[in-house]
Amino acid sequence: MPFNAVTQKNTINENSVINRTHPPVIVTKKTDASVTTPFKKGTILVSGDNGVAPMAAYDAAAEVQQETVGVAVNDFDPDHGDLVEVLVHGTVTEEMLDADADQIALLVSQHPIYAI
């Protein structure tokens, strides 16, 4: 007897952070306990103490820069769980990124992610 065993389905379209120019690598990461407010897809994520968190404002004078993890693929709401899908390799649509030019430059300097 046939059955449909699909547990999750993602659609990449013109409203996606992911650009199809290069095949994406997406992983699911746990958010840090300090993340208590929702964030939008396209948010650059950094390493927290026990997970990932949205990137704070870029500080050029900081001795050690934040360690970026990737880009949130979907909107995230902590009221609905603590996991977020993160693009760690591939190409993003620059207009969809919820970041300034300095944050984007830091992201692409630390990861094989291309913003076009």
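The structure reproduced in this document is the subject of the present report. (Residues numbered from 1 in each chain as written. Predicted model: local features only at pLDDT ≥ 70, side-chain atom pairs only at ≥ 80, totals over all residues. Heavy atoms only, no water.)

**Some details on the overall build of the protein chain**
A tally of regular secondary structure across the protein chain gives 1 helix and 7 strands. Ordered by position in the sequence, the α and β elements of the protein chain form the string β-β-β-β-β-β-α-β. Looking at the 116 residues of the protein chain, the share that counts as buried comes to 34%. A separation of at least 24 residues holds for 60% of the contacts in the protein chain among residues at least 6 apart in sequence. In the structure as shown, the protein chain presents an accessible area of about 7,300 Å², 51% of it carried by carbon and sulfur atoms. (Helix = DSSP H or I, 4+ residues; strand = E, 2+ residues; numbered from the N terminus. Buried < 20%, exposed > 50% of the residue type's maximum accessible area, 1.4 Å probe, protein only. Contact = heavy atoms within 4.5 Å. Areas by Shrake-Rupley, 256 points an atom, 1.4 Å probe, with all protein chains shown as cover.)

**Structural notes on the environment of V86**
Among the secondary structure elements, V86 is positioned in strand β6 (residues 83-92). Given the relative accessible area of 0%, V86 is considered buried. Beyond its immediate stretch of four places on either side in the chain, V86 contacts V25, I26, V27, K29, L45, V69, G70, V71 and V73.

**Some remarks on the pairing of strand β5 (residues 68-72)**
Of all 5 residues in β5, 5 are buried, a share of seventy percent or more. Summarising the sheet, strand β3 (residues 44-47) and β5 pair through 3 bridges and their orientation is antiparallel. If you follow L45 over to β5, its bridge partner there is G70. Relative to β6, β5 runs antiparallel, the two being bridged by 2 bridges. Residue pairing across strands places A72 opposite V86, the latter belonging to β6. (Pairing = 2+ DSSP bridges.)

**Considerations on helix α1 (residues 101-110)**
Residues of α1 that are buried: Q103, I104, L106 and L107. The buried residues of α1 occupy one face: seen down the axis, they fall within an arc of 160°. In α1, those exposed residues whose orientation departs by more than 90 degrees from the buried face are A101 and S109. (Arc of directions from axis to C-beta.)

**Considerations on the nonpolar core**
In terms of nonpolar packing, the biggest core is built from 14 residues, with V71, L87, V92 and L97 touching the most fellow members. Elements that contribute at least two residues to this core include exactly β3, β6 and α1. If you tally residues by element for this core, the top one is α1, at 3 residues. In this structure, V92 is in contact with V17, N19, V71, L87, L97, I113, Y114, A115 and I116, ignoring residues within four places of it in sequence. Within the second largest apolar cluster, 11 residues are counted, among which are V35, F39, F76 and V88. (Core = buried A, V, L, I, M, F, W, Y, C linked by side-chain atoms within 4.5 Å.)

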